[in-house]
Amino acid sequence: MNHLTGLYGLPASTLHDLLDLAAGYREGLNREPEIFDPVLANRRVALVFFENSTRTRFSFELAARHLGASTLSFTAASSSISKGETLSDTIRNLEAMKVDAFVLRHPSSGAADFVASITDRPVVNAGDGTHEHPTQALLDILTLREYFGRIEGLKIMILGDILHSRVARSNIIGLKTLGAEIAVCAPTTLLPGRIDQLGVQVFTGIDEALAWADAAIVLRLQLERATGGFIPSLEEYSARYGLTDEKLDRLKRLLPVLHPGPINREIEISNLVADRIQPPGYSSSMLMEQVTNGVAVRMAVLHRLLAR
Amino acid sequence: MNHLTGLYGLPASTLHDLLDLAAGYREGLNREPEIFDPVLANRRVALVFFENSTRTRFSFELAARHLGASTLSFTAASSSISKGETLSDTIRNLEAMKVDAFVLRHPSSGAADFVASITDRPVVNAGDGTHEHPTQALLDILTLREYFGRIEGLKIMILGDILHSRVARSNIIGLKTLGAEIAVCAPTTLLPGRIDQLGVQVFTGIDEALAWADAAIVLRLQLERATGGFIPSLEEYSARYGLTDEKLDRLKRLLPVLHPGPINREIEISNLVADRIQPPGYSSSMLMEQVTNGVAVRMAVLHRLLAR
Amino acid sequence: MNHLTGLYGLPASTLHDLLDLAAGYREGLNREPEIFDPVLANRRVALVFFENSTRTRFSFELAARHLGASTLSFTAASSSISKGETLSDTIRNLEAMKVDAFVLRHPSSGAADFVASITDRPVVNAGDGTHEHPTQALLDILTLREYFGRIEGLKIMILGDILHSRVARSNIIGLKTLGAEIAVCAPTTLLPGRIDQLGVQVFTGIDEALAWADAAIVLRLQLERATGGFIPSLEEYSARYGLTDEKLDRLKRLLPVLHPGPINREIEISNLVADRIQPPGYSSSMLMEQVTNGVAVRMAVLHRLLAR
């Protein structure tokens, strides 16, 4: 593995190796103080973000620094991009400055693979358009693996805007590679046209989807979808697809719930479901576990790509 | 002390302890090179700024790094805030990423106490609305204590926009706790309604206020006050309340002058008064002393909240 | 040398000393890992940028960190500048916080010299208006010196918007100090009025200029020049002055080509010329060499100004 631009094509053994390494780092993060072997000392990681994402950038920054690396931030707003420089020129310039790795977020699908094709420095995709967001999927998978002790045979239901979601895409690929069954649940306007080719079950009703699932990954609803004609209104989306105690009560079974964040409270997920981590009630929020696992997963990825 | 969200309620002993520690750090800052015991090695301080403030952020960054800590910056412009995330979700996410402390600036009064109520990581208030700005007051107090050798019994006059000033509020609380007498001087439109309950003297004429005072803290005038109906015009405010040599000449006594910065030259303070650090003339500008003391005070606060 | 605000007035010996030191650092940058003697340990470099420039800021950040220094970023967008603070107050505040050096980029010509006049900390000019950009010229000169083995006697042609270019100005000064001959080539509307006093040859036709030159430095064309009345249109500028294979083919001689970046592809430089680093074809692109040399040159400058 020279780059991590997506989970597509990665064998189960590679995913398990990353998850195992991440699980060890996760334990370290629970200690105080969290001190790790500086396997990336004297390495410089460029965080090249063409979309805002404090959360993801922060997580990578912490991960890199835990391992002794130095981070340098490059954001579109303050960059030469506004001067019309091409992506490849930006990357080649940073490479000529001898940074050791790129963490890239970009609005265009395929941007990470493109960058990987023009540099011999490791590239980590931190989200590219509607393509992939592999470290998000890895942290979701680590969270599920820690909860259930395994991934194989699990039934994972992904709820919400599948059509535009790089998170859904990476999760479907990674979870299937590891032997999980996947279902998606969304209004048909938020499903890809070739959804039947993805090898996933499709539910348009949430009750059937919840009844099927061992765990649910709730996706963020981009609020502009309401004005884009994809859903009739936020209220109707929320009433039909928002994950609430009312719907979980009908299930009468504890369901672990994941969400990549940031959440729209009371739209795709209710406050109770987002915040409750143990019974009473039928949901177990994994959201904060996911965030901590995010740092651990990014440490594992940077370690594997960069350590000598 | 688990947090520093304000000076309200802190006993004199706590303030003196912080000031003593800061005074030692201040001495260290005068040495070249400035090298300090890295008591915060392997600690990560999140600088969460929802308002612009290069000066304060810089000062905290330097303070944290002098003690060996790593700093991570989070600013509203590039954050999930624009995606509508709640403050508590932002904080809980950063906490789950295992940052060790929060330095928070926020436009809402009470934001720092709110954040302190939802996290067990130390919170330092770097200014919240019109509530408090405790490290600014501590650096002002340290500056006065270094100049006079004591705080008890001093007569400190605060000049300007008391109504909107978290700096004034924190200074009044801290200085009174340490035994100083306080007066405020401002047009009545820039005084709080319950000013008589604060236990401070009130002057609306600057000559009487200056005659009373051992030292003056001049507040920044937000220029938009002129259009907000609080003052008739900048020119009239400046003529009546701007601190100038003309007014100080009538005093015929050397007066140390503080200002939290950034200053509006020739509005609330004249160039001569802002820049003159020794006679001839009747003012002694403490402004640069304050800035250096700011780093020292923030080192002391981070040390007390974070060191093991 | 206490500051580096420009190359004007610096003797050849100083330039050679910086270039020699930079050449050594350049060798180090080609090693893996790049580890350098931390001569700037415990030093803090403030990067004070009033204009956007990711490239230059990044380069200085890497340079400072290679030598063990800590960097702090200050950008106009998030600064007190929007609150109307003067440049001198900003600098004096940062100085009182005990930063060890300033790297300044500012839209006003002369800003770096002004800052140097009010602080005793070293100031490095990272570009001020249309005045100077000394580290850019030093990296261009290092690139030429590495290519040709010398500067003395070389014929260097600078192509493009001479009138507005601090890069051209610094290069003319530095290259002439080291004994090169300089020519400029541009439409007369993009030449300074007193060009004949600069001691450079002037070509308005590119073929004659190329025939004369040992190497060409192509300047970026600010695209707004087309609407500013300086050139008839981008297309006409590109047709007459854009450096293309068609024009180089008429030369029938290998020409090293430099450009400070970011480039406008197919406007002032063609894709082929920008990207080709060896024959066939009559250009040798130095662009990536320049970028790496930029880090080395900034290491040398920071070393000379800051190391004890």
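Calculation rules
Residues numbered from 1 in each chain as written. Chains lettered and ligands numbered in written order. Predicted model: local features only at pLDDT ≥ 70, side-chain atom pairs only at ≥ 80, totals over all residues. Heavy atoms only, no water. Pairing = 2+ DSSP bridges. Helix = DSSP H or I, 4+ residues; strand = E, 2+ residues; numbered from the N terminus. Axes fitted to C-alpha atoms, helices over the stretch in contact; angles between N-to-C directions. Contact = heavy atoms within 4.5 Å. Least-squares fit on C-alpha atoms with pLDDT ≥ 70 in both. UniProt positions renumbered as here; feature names shortened; annotations may be inferred. Buried < 20%, exposed > 50% of the residue type's maximum accessible area, 1.4 Å probe, protein only. Buried area = accessible area lost by both parts, 1.4 Å probe. Salt bridge = Lys/Arg side-chain N within 4 Å of Asp/Glu carboxyl O. Polar contact = N/O pair within 3.5 Å; in protein donor to acceptor, adjacent residues only side chain to side chain.

Draft legend 1. Inspection of the sheet that holds strand 1 (residues 44–49) of chain B at higher detail. Residue and element names in this part refer to chain B. Reading across from one edge, 2-1-3-4 is the order of the 4 strands in this open sheet, with parallel pairing throughout. In the strand order of this sheet, the two ends are held by strand 2 (70–75) and strand 4 (123–128), each with one partner. Looking at each pair of strands side by side, their axes are set apart by 15° on average, direction ignored. Sheet analysis places strand 3 (residues 101–106) next to strand 4, joined by 4 bridges and oriented parallel. Bridging across to strand 4, L104 finds its partner in N125. Helix 3 (residues 87–96) contacts strand 1, strand 2 and strand 3 of the sheet and is inclined by roughly 155° relative to strand 3.

Draft legend 2. Representation of the relation of the copies chain B and chain A within the structure. Of the transformation placing chain B onto chain A, the axial shift is 0.0 Å and the rotation is 120°, giving an RMSD of 0.0 Å. Accordingly, the operation relating the two chain copies is best matched by a three-fold axis.

Draft legend 3. Molecular detail of the sheet that holds strand 5 (residues 155–159) of chain B. All names here are of chain B. Taking strand neighbours across the sheet as the criterion, the 6 strands line up as 7-6-5-8-9-10 in an open arrangement whose pairing is parallel. Each having just a single partner strand, strand 7 (201–203) and strand 10 (283–285) make up the two edges of the open sheet. Averaged over all pairs of adjacent strands, the angle between their axes in this sheet comes to 25°, without regard to strand direction. Pairing of strand 5 with strand 6 (residues 181–185), which is carried by 5 bridges, proceeds in the parallel orientation. Looking across to strand 6, one finds that M157 is bridged to A183.

Draft legend 4. A look at the UniProt feature "binding site: carbamoyl phosphate" (unreviewed entry) in chain A. Residues and elements named next belong to chain A. Taken from the UniProt record, the annotation "binding site: carbamoyl phosphate" (unreviewed entry) applies to R55, T56, R105, H133, Q136, G261 and P262. Considering the arrangement of structural elements, one finds R55 in helix 2 (residues 54–66). Its relative accessible area of 14% is what places R55 among the buried residues. Among the structural elements, P262 can be located in the loop between strand 9 (255–258) and helix 10 (271–275). We classify P262 as buried; its relative accessible area is 4%.

Draft legend 5. Representation of the interface of chain B and chain A in the model. With 27 residues of chain B in contact, the opposing surface of chain A contributes 26 residues. Where chain B abuts chain A, roughly 2,500 Å² becomes buried across the two surfaces, and 51% of that area is made up of carbon and sulfur atoms. Between B:E85 and A:R55 there is a salt bridge whose closest N-O contact spans 2.2 Å. In this assembly, chain B and chain A are joined by 8 residue pairs in polar contact (both at pLDDT 80 or more).

Draft legend 6. Structural view of the UniProt feature "domain: Aspartate/ornithine carbamoyltransferase Asp/Orn-binding" (unreviewed entry) in chain A. On the UniProt side, "domain: Aspartate/ornithine carbamoyltransferase Asp/Orn-binding" (unreviewed entry) is annotated at positions that read residues 152–303 of chain A here. Segment residues 152–303 of chain A splits into 36% helix and 16% strand. End C-alpha atoms: 26 Å apart.

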